[in-house]
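Residue-level structural notes
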Amino acid sequence: MEEKDISRAVIKRLPRYYRYLGELMEDGVERISSNELSGRMKVTASQIRQDLNNFGGFGQQGYGYNVKYLHSEIAKILGLDRTHNMIIVGAGNLGQALANYTQFEKQGFKIVGIFDVNPVMQGVSVRGIEIRMIDELPEFVKDNHVEIATLTLPKAKALDMAKLLVDVGVKAIWNFAHTDLNLFMPEDVIVENVHLSESLMRLSYNLSRFEKDHKQEQGKI
Ligand SMILES: NC(=O)c1ccc[n+]([C@@H]2O[C@H](COP(=O)([O-])OP(=O)(O)OC[C@H]3O[C@@H](n4cnc5c(N)ncnc54)[C@H](O)[C@@H]3O)[C@@H](O)[C@H]2O)c1
């Protein structure tokens, strides 16, 4: 399958296709046309065909897409066809909430360790995963083939921690601390910054716009 030159916009949409296809599989649906998928996802059928054609076209005229096949091909593209060992650094509210969420494991992201600097937390378990102290981290990363580190620690500590993690062999950082770590990391370190408040700001913008439009509509009557 050709995967080169897939635009970032398409890659960004793939997780959503993957989620819908997973739901279709759970419902026992074996094939789906781009029109049906379009109805469910509220994306135009031509956009769906265009997006999925990037990968050599999974669809067949008059047959539609084989849901299971498409799901597994997208999984391969997204690297979900294998397990990724992951640790959480910062075992506070957010770190523990992420550790308690079982869905990541189902998608192949296995939380193998949780780390913190607060000695009070040493040995406490979250969903059966023991919280360890940072001094154990370098050896743990090497021994457990840790690929991804989730950063849920204070912003001021994030960069130093990221550097330490990279030094001991972590390849990817899922960063929740409010700093754009990618700007400070070597290019071969993969960083995904997550800012829930940005999502909330988009919601707020849409809400304000809706209210404004609604008032204008009322003004016309
Ligand atoms: N990106 C987002 O959308 C989002 C949302 C909520 C919170 N946050 C951020 O996530 C971080 C955690 O938030 P929280 O509410 O869980 O805070 P918290 O205070 O409950 O937890 C932070 C934890 O990090 C630990 N810690 C401090 N220094 C450390 C170090 N050097 N190494 C390892 N652990 C260390 C603390 O002991 C504490 O247990 C904060 O930076 C917060 O701003 C981001």
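The name an unreviewed UniProt entry gives the protein is Redox-sensing transcriptional repressor Rex, with Oliverpabstia intestinalis as the organism. You can read under Sequence similarities (unreviewed entry) in the UniProt record for the protein the words "Belongs to the transcriptional regulatory Rex family."

Quick look at the site of the ligand
The full set close to the ligand counts 22 residues, and Leu-94, Asp-116, Phe-176, Val-194 and Leu-196 are the nearest of them. Between a nitrogen atom of the ligand and a main-chain N or O atom of Val-194, the distance comes to 2.6 Å. Contacts to the ligand include Leu-196, whose backbone N or O atom sits 2.6 Å from an oxygen atom. Relative to its free-state accessible area of 850 Å², the ligand is covered by the protein chains to the extent of 74%. Counting only elements with at least two residues in the shell around the ligand, the list comes to helix H5 (93-100) and helix H8 (155-167). The dominant element in the shell around the ligand, judged by the number of residues it contributes, is H8, at 3 residues. Residues that form the shell around the ligand fall into these classes: 12 nonpolar, 7 polar and 3 charged.

Here we look at the packing of aromatic side chains
Throughout the structure, instances matching the rule amount to 4 aromatic pairs. Each ring, one from Phe-104 and one from Trp-174, has its centre 5.5 Å from the other, and the planes form 90 degrees; the classification is edge-to-face. Of the two residues, Phe-104 sits in helix H6 (residues 103-106) while Trp-174 sits in strand E8 (residues 172-175), which places them 70 residues apart along the sequence. Using a relative accessible area of 14% as the deciding quantity, one classes Phe-104 as buried. Classification of Trp-174 as partly exposed rests on a relative accessible area of 21%. Between Phe-115 and Phe-140 the ring centres are 5.3 Å apart and the planes differ by 75 degrees, which places this aromatic pair in the edge-to-face class. Here the residue Phe-115 occupies a position in strand E4 (residues 109-116), and Phe-140 occupies one in helix H7 (residues 137-143), the gap between them amounting to 25 residues. Each member of the pair, Phe-115 as well as Phe-140, is classed as buried. By way of ring pairs, the aromatic residues Tyr-101, Phe-104, Trp-174 and Phe-176 are connected into one cluster.

Reading the values: rules and limits
- Residues numbered from 1 in each chain as written.
- Predicted model: local features only at pLDDT ≥ 70, side-chain atom pairs only at ≥ 80, totals over all residues.
- Heavy atoms only, no water.
- UniProt positions renumbered as here; feature names shortened; annotations may be inferred.
- Near = heavy atom within 4 Å.
- Polar contact = N/O pair within 3.5 Å; in protein donor to acceptor, adjacent residues only side chain to side chain.
- Areas by Shrake-Rupley, 256 points an atom, 1.4 Å probe, with all protein chains shown as cover.
- Helix = DSSP H or I, 4+ residues; strand = E, 2+ residues; numbered from the N terminus.
- Nonpolar A, V, L, I, M, F, W, Y, C, P; charged D, E, K, R; others polar.
- Phe/Tyr/Trp six-rings, centres within 6.5 Å; stacked < 30°, edge-to-face > 60°.
- Buried < 20%, exposed > 50% of the residue type's maximum accessible area, 1.4 Å probe, protein only.

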